Amino acid sequence: MAEKSFKYVILGGGVAAGYAAREFVNQGVKFGELAIISKEAVAPYERPALSKAYLFPESPARLPGFHTCVGSGGERLLPEWYAEKGISLILGTEIVKADIGSKTLISAAGEIFKYHILVIATGSTVIRLTDFGVQGADSKNIFYLREVDDADKLVEAIKAKKNGKAVIVGGGYIGLELSAVMKINNLDVSMVYPEPWCMPRLFTAAIAAFYEGYYANKGIQIIKGTVAVGFNADADGEVKEVKLKDGRVLEADIVVVGVGGRPLTVLFKGQVEEEKGGIKTDSFFRTSVPDVYAVGDVATFPMKIYNEMRRVEHVDHSRKSAEHAVKAIFASEAGNSVDDYDYLPYFYSRSFNLSWQFYGDNVGDTVLFGDNNPASENPKFGSYWIKDGKVVGAFLESGTPEENKAIARVARVQPPAESLDQLAKEGLTFACKI
Ligand code: FAD
């Protein structure tokens, strides 16, 4: 089969790929030098839309509406844009073998791609209940959400099971966003998760209590402290019941599972150094192998602010790491260098009329401020994390853009906290002073 050769190849066509492509053009990439190879059939898009506006019953988001880089207020890169810039978008093409030694990628159809510089941007894949042999987990209408194809299948099921029952397995951000959007679609929603409260990796008990109360007020049933251990299906193989470990059985027409992801590093196992489950990079996203970079969800990079290697599975980092890597590539070609990547962790989520942002590190003591009564008309509250006498993390629900900027500043500057009581009393005023 014919071989194609490019100076630069981005492997993966997700968020990082889209932002990298824009930066390649900013840096003056020449016509024909860059290719993006993606398993997905569509040009890079803003993945977070899939669990939010894509699933709305009224005026849902659809491509080409949310191609990168609209999610950060940038230009929307349509497939034509790539063509105009001479970037080869090689879609619907899964790479099944990577040989870093010979700088070769091979697709499932046997096509061979050569590169001079490779940017690995393969993102994550979902963890499936079938991976653990959960009984009945391969029944129809059990969904996972990662790519636009997954979202399309879910949209079809929502239409087919009008006013039916949905069970959401998992209490992370996918679980919370999906429960909300299924409810907006008028399904009868139950959420199941083993932890004592939702989003335990980020939320404190007090933060979670607000969202759990809010969801309950919307009519969502929350079942904590247990897990799905099996599924019963009807004669057509469609899921009908979810069996829980505590013996309860929930009726279900649709099940959505959001129990976490895994970075897609498998093609490079044994070829590049790994750390903390991801591909190890330096602060320019260079891997242990020359001419190979890794960005987005797959990269474990030096988080300068905390002097620690970390992997981050959030959209903001996928955008910024991609841009940084491309700047570093061009600087290095010109014999220059760029500054170290200096990332401040930022994560957000939206559901119903709620919207929160978090910046920094969620370690140490916490204080809660504001009105976190889920029954309030306009609830607005936040939390600070304090370590070694300094405020290192900040969370805010329903903040204005200025207030969100203020909590970001706090997380970056890490101001001293005189006392937790004082901080709780000052609340947002503390952040706005920084
Ligand atoms: P991805 O965007 O996942 O892109 C990876 C690409 O690589 C995909 O196109 C994939 O098909 C392709 N690929 C993988 N392997 C191969 C192969 N072998 N051959 C060819 N192509 C391959 N983050 C937030 O901060 N806030 C949110 O609200 C939020 N919501 C989200 C909602 C959903 C439903 C999902 C799934 C994620 C959400 N995220 C959110 C996380 C965020 O989307 C990711 O961190 C981000 O997409 C990572 O970008 P990436 O480019 O590294 O990977």
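Residues numbered from 1 in each chain as written. Predicted model: local features only at pLDDT ≥ 70, side-chain atom pairs only at ≥ 80, totals over all residues. Heavy atoms only, no water.

With an unreviewed UniProt entry as reference, the chain is termed monodehydroascorbate reductase (NADH), source organism Actinidia chinensis var. chinensis. Note on the chain: under the UniProt heading Function (unreviewed entry), the record states "Catalyzes the conversion of monodehydroascorbate to ascorbate, oxidizing NADH in the process." In the Sequence similarities (unreviewed entry) part of its UniProt record, the chain is described as follows: "Belongs to the FAD-dependent oxidoreductase family." (UniProt positions renumbered as here; feature names shortened; annotations may be inferred.)

A. Seen up close, the side chain of glutamine 357. As for its position among the elements, glutamine 357 is in strand β23 (residues 354-360). Looking at glutamine 357, its side chain comes within polar contact range of the side chain of tyrosine 346, at 3.5 Å. Only 2.7 Å separates the side chain of glutamine 357 from the side chain of tyrosine 359, close enough to count as a polar contact. In contact with glutamine 357, other than residues within four places in its own chain, are Tyr346, Phe347, Tyr348, Ala394, Phe395, Leu396, Asn404 and Ile407. (Helix = DSSP H or I, 4+ residues; strand = E, 2+ residues; numbered from the N terminus. Polar contact = N/O pair within 3.5 Å; in protein donor to acceptor, adjacent residues only side chain to side chain. Contact = heavy atoms within 4.5 Å.)

B. Inspection of the pairing of strand β15 (residues 254-257) at higher detail. Going residue by residue along β15, you find Ile254 and Val256 tucked away on one face and Val255 and Val257 tucked away on the opposite face as well. Where strand β8 (residues 142-143) meets β15, two bridges bridge the pair, whose relative direction is parallel. Across the sheet, residue isoleucine 142 finds its bridge partner in β15, namely valine 255. Sheet topology note: the strand β9 (residues 165-169)/β15 ladder contains four bridges and is parallel. The partner of valine 167 across the bridge, within β15, is valine 255. (Buried < 20%, exposed > 50% of the residue type's maximum accessible area, 1.4 Å probe, protein only. Pairing = 2+ DSSP bridges.)

C. Local environment of the packing of aromatic side chains. The tally for this structure, following the rule as stated, stands at 29 aromatic pairs. Taken together, a centroid distance of 5.7 Å and an interplanar angle of 85 degrees make the contact between tyrosine 45 and phenylalanine 66 edge-to-face. Of this pair, tyrosine 45 sits in the loop between β2 (34-37) and α2 (79-84) while phenylalanine 66 sits in the loop between β2 and α2, and the two are 21 residues apart along the sequence. Here the two residues tyrosine 45 and phenylalanine 66 agree in accessibility, since each one is buried. Linked through ring pairs, Tyr173, Phe203, Phe210, Tyr211, Tyr214, Tyr215, Phe347, Phe352, Trp356, Phe381 and Phe395 together constitute an aromatic cluster. Note that arginine 128 overlies the ring of tyrosine 144, its terminal NZ or CZ placed 4.5 Å from the centroid. (Phe/Tyr/Trp six-rings, centres within 6.5 Å; stacked < 30°, edge-to-face > 60°. Lys NZ or Arg CZ within 6 Å of the ring centre and 35° of its normal.)

D. Fine view of the environment of valine 413. On the secondary structure map, valine 413 appears in helix α7 (residues 401-413). Relative accessible area serves as the criterion here: at 48%, valine 413 is assigned to the partly exposed category. Each C-alpha atom of the pair valine 413 and isoleucine 434 lies 8.1 Å from the other, and the pair is 21 residues apart in sequence.

E. Region of interest: the sheet that holds strand β17 (residues 274-275). Taken together, the four strands give an open sheet; going across it, the order is β17-β18-β20-β21, and neighbouring strands pair in mixed fashion. This sheet does not close on itself; its edge strands, each paired only once, are β17 and β21 (308-311). Bridge analysis of β17 against strand β18 (residues 278-280) gives two bridges, and the strand direction is antiparallel. Looking at the pairing, glutamate 275 lines up with glycine 278 of β18.

F. The arrangement of the domain arrangement of the chain in detail. What the domain assignment lists for the chain is domain 1 (3-125 + 262-334), domain 2 (129-259) and domain 3 (353-433). Here the C-alpha centroids of domain 1 and domain 2 sit 30 Å apart. With 17 residues of domain 1 at the contact, the number on the domain 2 side is 14 residues. The largest per-residue losses of area from domain 1 upon contact with domain 2 belong to Ser51, Tyr54 and Leu55, which jointly make up 35% of the total buried on that side. Put simply, domain 1 and domain 2 have four salt bridges between them. Arginine 146 is the salt-bridge partner of aspartate 297, the closest N and O atoms lying 3.2 Å from each other. Where domain 1 meets domain 2, there are nine residue pairs in polar contact (both at pLDDT 80 or more). Across the side of domain 1 that touches domain 2, the residue classes tally to eight nonpolar, two polar and seven charged. (Domains from an automatic or database assignment. Buried area = accessible area lost by both parts, 1.4 Å probe. Salt bridge = Lys/Arg side-chain N within 4 Å of Asp/Glu carboxyl O. Nonpolar A, V, L, I, M, F, W, Y, C, P; charged D, E, K, R; others polar.)

G. Inspection of the site of the ligand at higher detail. Around the ligand lies a shell of 36 residues, among which Glu40, Arg47, Lys52, Arg146 and Glu147 are the nearest. The separation between an oxygen atom of the ligand and a polar side-chain atom of aspartate 297 is 2.7 Å. Taking 990 Å² as the accessible area of the ligand by itself, protein coverage stands at 98%. Elements supplying a minimum of two residues to the shell around the ligand: α1 (15-26), α4 (173-184), α6 (315-333) and β22 (346-351). Residue composition of the shell around the ligand, grouped by class: 15 nonpolar, eleven polar and ten charged. (Near = heavy atom within 4 Å. Areas by Shrake-Rupley, 256 points an atom, 1.4 Å probe, with all protein chains shown as cover.)

H. Summary view of the UniProt feature "domain: FAD/NAD(P)-binding" (unreviewed entry) in the chain. Under the UniProt annotation, "domain: FAD/NAD(P)-binding" (unreviewed entry) lies at residues 6-319. This span, residues 6-319, is 19% helix and 29% strand, and a straight line between its end C-alpha atoms measures 23 Å.

I. View of the pattern of salt bridges. Per the counting criterion, the structure on display carries 25 salt bridges. Where lysine 240 meets aspartate 253, a salt bridge forms, and the shortest distance between an N and an O atom there is 3.2 Å. A residue pair is termed long-range when its members are at least 10 positions apart, and lysine 240 in strand β13 (residues 239-244) and aspartate 253 in the loop between β14 (249-251) and β15 qualify at 13 residues. In this structure lysine 240 comes out as partly exposed when scored by relative accessible area, which is 29%. The shortest N-O distance in the salt bridge between aspartate 342 and arginine 412 comes to 3.2 Å. Of this pair, aspartate 342 sits in the loop between α6 and β22 while arginine 412 is found in helix α7, placing the two residues 70 residues apart along the sequence. Given a relative accessible area of 33%, arginine 412 falls into the partly exposed group. A single network of salt bridges, built from pairs that share partners, joins Glu273, Glu275 and Lys280.

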